Amino acid sequence: MSKYHELIKPFAKGDSELTERKTKGRNAVIYTRVSSKEQMDNMSLTTQLKGCNVFAQKLNYQISGHFGGTYESAQSDERKEFVRMISFVKKAKEKISYIIVYSLERFSRTGDNAIWLSRQLRELGITIASVTQPIDTSNPSGVLQQNILFLFSQYDNDLRRQKCVAGMREKLLGGEWMGVVPIGYKFDRSKGNKEQKIIFNDDAKLMKKAFLMKLHEGKTNIEIADAITKMGLRLTYKRLTESFRNPFYCGYVSHNLLEGELVKGKHPALIPEDIFLQVNEITKKIPHGFKQNTQNENLPLRQFVNCADCSTPLTGYQRRKLLKNGNTLYFHYYKCYTTGCKCNRGVKLMHGKFTEFLKGYQLDKNLIPLVKKQLELTWYNVMESNAGEQKSMLAKLSELKGTLDQVEDRWADGKIDEVIYTKRSTQLKKEIAEISKELESKAISISNPEELIDKAIAFSSELASCWQEGDYEERKMVQNILFPEGIIFDKKSDAFRTSQVNVVIGLIAEISANYNQKNRRQVNHNFDLSPSVVRTGIEPVLPE
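Owing to the predicted nature of the structure, the values given are computational and were not obtained by experimental measurement.

**A short note on the overall build of the chain**
Next, step 1: The secondary structure content of the chain amounts to 18 helices and 15 strands.
Next, step 2: Within the chain, buried positions represent 42% of all 544 residues.
Next, step 3: Long-range pairs, those at least 24 residues apart, make up 68% of the contacts in the chain between residues at least 6 apart in sequence.
Next, step 4: For the chain, the accessible area works out to roughly 31100 Å², and carbon and sulfur atoms hold 51% of it.

**A few points about the side chain of Asn 280**
Next, step 1: Looking at the element boundaries, Asn 280 is found in helix α11 (residues 273-283).
Next, step 2: Judged by its relative accessible area of 12%, Asn 280 falls in the buried class.
Next, step 3: The contact partners of Asn 280, leaving out residues within four places of it in the chain, are Phe 244 and Arg 245.

**Comments concerning helix α17 (residues 472-482)**
Next, step 1: Listed in full, the buried residues belonging to α17 are Arg 475, Lys 476, Val 478, Gln 479, Ile 481 and Leu 482.
Next, step 2: With a side-chain oxygen lying 3.3 Å from the backbone nitrogen of Glu 473, the N-terminal cap of α17 falls on Asp 471.

**Thoughts on the sheet that holds strand β15 (residues 495-497)**
Next, step 1: On the basis of which strands lie adjacent, the open sheet formed by 3 strands has the order β10-β14-β15 and mixed pairing. In the strand order of this sheet, the two ends are held by β10 (305-307) and β15, each with one partner. Geometrically, the sheet is characterised by an average inter-axis angle of 35° between neighbouring strands, direction not taken into account.
Next, step 2: Contacting β14 (487-490) and β15, helix α12 (residues 347-359) crosses the sheet at an angle of about 45° to β15.

**Remarks on a negative patch on the surface**
Next, step 1: Negative charge collects at one region of the surface, where Glu 297, Asp 471, Glu 473 and Glu 474 lie side by side.
Next, step 2: In this fold, Glu 297 is placed in the loop between β9 (291-292) and β10.
Next, step 3: Taking relative accessible area as the criterion, Glu 297 reaches 46% and is therefore assigned partly exposed.

**Quick word on the packing of helix α13 (residues 368-412) against helix α15 (residues 449-460)**
Next, step 1: Where α13 contacts α15, the axes come no closer than 10 Å and their chain directions differ by 140°. Judged by the angle between their axes, α13 and α15 are oblique. In this structure, α13 crosses over α15, and the sense of that crossing is right-handed. Contact residues: α13 offers Ile 368, Val 371, Lys 372, Leu 375, Glu 376, Trp 379 and Tyr 380, while α15 offers Pro 449, Glu 450, Ile 453, Asp 454 and Ile 457.

**Quick word on the pattern of salt bridges**
Next, step 1: Tallied over the entire structure, the rule returns 10 salt bridges.
Next, step 2: Of the charged contacts, one joins Lys 365 and Glu 462 as a salt bridge, the two residues approaching to 2.7 Å between their closest N and O atoms. Of this pair, Lys 365 sits in the loop between α12 and α13 while Glu 462 sits in the loop between α15 and α16 (463-469), and the two are 97 residues apart along the sequence.
Next, step 3: Overall, the relative accessible area of 29% leaves Glu 462 in the partly exposed class.

**Here's the deal with the confidence of the model for the chain**
Next, step 1: Residue-level pLDDT values for the chain average 77, and 78% of them are 70 or greater.
Next, step 2: Every residue in residues 16-23 is under pLDDT 50, and counting partners more than four places away or in other chains gives 6 contacts.
Next, step 3: Within the model, the stretch residues 39-43 combines pLDDT values under 50 with 14 contacts to residues more than four positions away or in other chains.

**Digging into a nonpolar patch on the surface**
Next, step 1: Taken together, the side chains of Leu 323, Leu 329 and Phe 331 make up a nonpolar region of the molecular surface, amounting to roughly 210 Å² of accessible area.
Next, step 2: Position of Leu 323 among the secondary structure elements: in the loop between β11 (315-322) and β12 (328-335).

**A few points about the packing of helix α8 (residues 204-217) against helix α9 (residues 221-230)**
Next, step 1: At their nearest, the axes of α8 and α9 sit 10 Å apart, and the two run at 150° to each other. Judged by the angle between their axes, α8 and α9 are roughly antiparallel. Taken as a pair, α8 and α9 cross one another with a handedness that is right-handed. Residues Leu 206, Ala 210, Met 213 and Lys 214 of α8 form the contact with α9, whose participating residues are Asn 221, Ile 224, Ala 227 and Ile 228.
Next, step 2: A breakdown of the residues in the contact of α8 with α9 according to their chemical character gives 6 nonpolar, 1 polar and 1 charged.

What counts as what
- Residues numbered from 1 in each chain as written.
- Predicted model: local features only at pLDDT ≥ 70, side-chain atom pairs only at ≥ 80, totals over all residues.
- Heavy atoms only, no water.
- Helix = DSSP H or I, 4+ residues; strand = E, 2+ residues; numbered from the N terminus.
- Buried < 20%, exposed > 50% of the residue type's maximum accessible area, 1.4 Å probe, protein only.
- Contact = heavy atoms within 4.5 Å.
- Areas by Shrake-Rupley, 256 points an atom, 1.4 Å probe, with all protein chains shown as cover.
- Polar contact = N/O pair within 3.5 Å; in protein donor to acceptor, adjacent residues only side chain to side chain.
- Pairing = 2+ DSSP bridges.
- Axes fitted to C-alpha atoms, helices over the stretch in contact; angles between N-to-C directions.
- Patch = residues over 30% accessible without salt bridge, like charges linked within 9 Å, V, L, I, M, F, W, Y side chains within 5 Å.
- Salt bridge = Lys/Arg side-chain N within 4 Å of Asp/Glu carboxyl O.
- Lys, Arg positive; Asp, Glu negative; His and termini not counted.
- Charge placed at Lys NZ, Arg CZ, Asp CG, Glu CD.
- Parallel < 35°, antiparallel > 145°, perpendicular 65-115°, else oblique.
- Left-handed = near helix turned anticlockwise from the far one by under 90°.
- pLDDT = per-residue confidence, 0-100.
- Nonpolar A, V, L, I, M, F, W, Y, C, P; charged D, E, K, R; others polar.

This is the structure we're talking about:
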């Protein structure tokens with residue numbers, strides 16, 4: 001080495017602290033969590049803590065703190081213990097190098113946010129270490145694998161949500177109500193009522209009076225709200241306006257989960273249907289010369305796109321033009337009916353912009369083999385992890401059932417009294433039921449995952465053409481698969497945007513986008529998704 005080397009060294013480029021930041025220490029913290037208060041009664045937290053401690057001892061990690069140990073939903077990263085842990089590892093005097101969790105789903109189920117957060121932690125030299133899913137995140141391939149596991153945790157949440165939503169929708173279709181009942185009603189929770197029963201409460205008379213004042217006296221909503229408030233029922237202008245537009249008061253159930261359907265409810269009507277319609281004819285004006293299109297065949301984006309300025313779903317209408325030859329020409333438009341918003345666009349522009357928007361999520365066909373291989377590896381990794389957890393739970397279930405048999409035998413032999421037997425057996429049965437329920441939730445029944453992955457890839461490589469060439473139902477299907485929460489249209493830029501996209505399609509689009517930004521001459525089999533956040537949504541429902 002030249003004698004001038006040390007003198008010239010200050011001119012070297014790069015951050016010398018970066019190497020120090022990446023140097024791994026041995027300090028770690030442990031984070032454990034269950035998702036519900038009921039799960040705290042079983043051995044889930046104990047099992048997690050024991051597994052994390054054994055893992056730390058095996059790798060000679062020094063534990064600097066324990067966090068969690070309670071129930072916190074992993075769907076939100078605003079958890080108290082979680083935030084406390086993140087703050088601790090960032091500010092600790094002795095550098096923390098690892099956050100040890102039993103499995104990645106214990107850390108977070110937020111998908112995109114978990115990816116972003118894990119990247120921020122890696123930049124601080126902190127690694128998320130999973131006991132049951134050991135992954136080396138020191139290379140792009142390991143980072144990709146961990147990111148996909150975060151997304152599959154989100155996907156698992158979405159599967160559970162879909163089951164819950166399906167059950168709620170069935171109840172709504174049966175005329176039952178979900179959630180808090182409108183003003184003037186209450187649930188009848190008398191003993192013996194197994195079916196839902198809704199009855200009037202003390203506010204019903206004043207709510208009915210509000211409708212009649214609107215119909216017969218022609219007062220404004222502000223005047224009616226003030227008058228009803230003085231009579232003893234506190235009503236704001238906004239709340240009263242919402243009530244006037246709620247068909248619940250004339251005996252119908254209207255809910256977002258019904259997707260535009262109106263169902264006859266089991267509850268009693270406060271006012272007749274004709275009064276409800278007359279009240280709303282006063283408040284709802286449709287522009288002269290326009291006819292609302294109730295068929296929707298030419299307006300697949302109707303009620304799916306929201307206005308960026310006022311958040312109101314765009315509806316649609318058609319305008320007729322009579323030609324000299326006697327024929328009628330129809331023009332279709334999307335419109336936001338919020339007063340003063342003036343968001344009004346023709347279908348040609350809207351459909352063209354939406355097609356271009358879809359192309360941004362479309363898979364580059366050159367990447368199909370690579371994406372397919374990565375998804376298959378990830379799928380089998382998740383299944384192997386699930387199998388290990390199921391094996392542990394089955395062993396615990398067998399142990400609990402054996403203990404229950406022993407308790408029943410001791411009671412039958414008179415060795416314990418009935419009070420002790422009842423208390424202990426009730427507890428054991430509760431634990432058995434909880435573990436059985438968790439086992440059921442982890443049973444992902446897909447007989448042919450390769451076929452499912454092939455369908456997802458084929459679908460994502462033809463997004464724009466599937467929508468552009470499809471009929472009305474096919475277009476609606478594509479929209480709902482990709483953007484289950486709908487999308488937003490900005491009239492100022494004539495552009496679409498969204499913060500929610502299907503988990504798998506979003507992941508495939510990110511891989512394609514990242515690759516296209518890299519060297520196009522050579523396919524790199526190691527992708528690092530950490531620089532960008534994968535948008536998430538409900539699980540894919542693929543076309544046959």
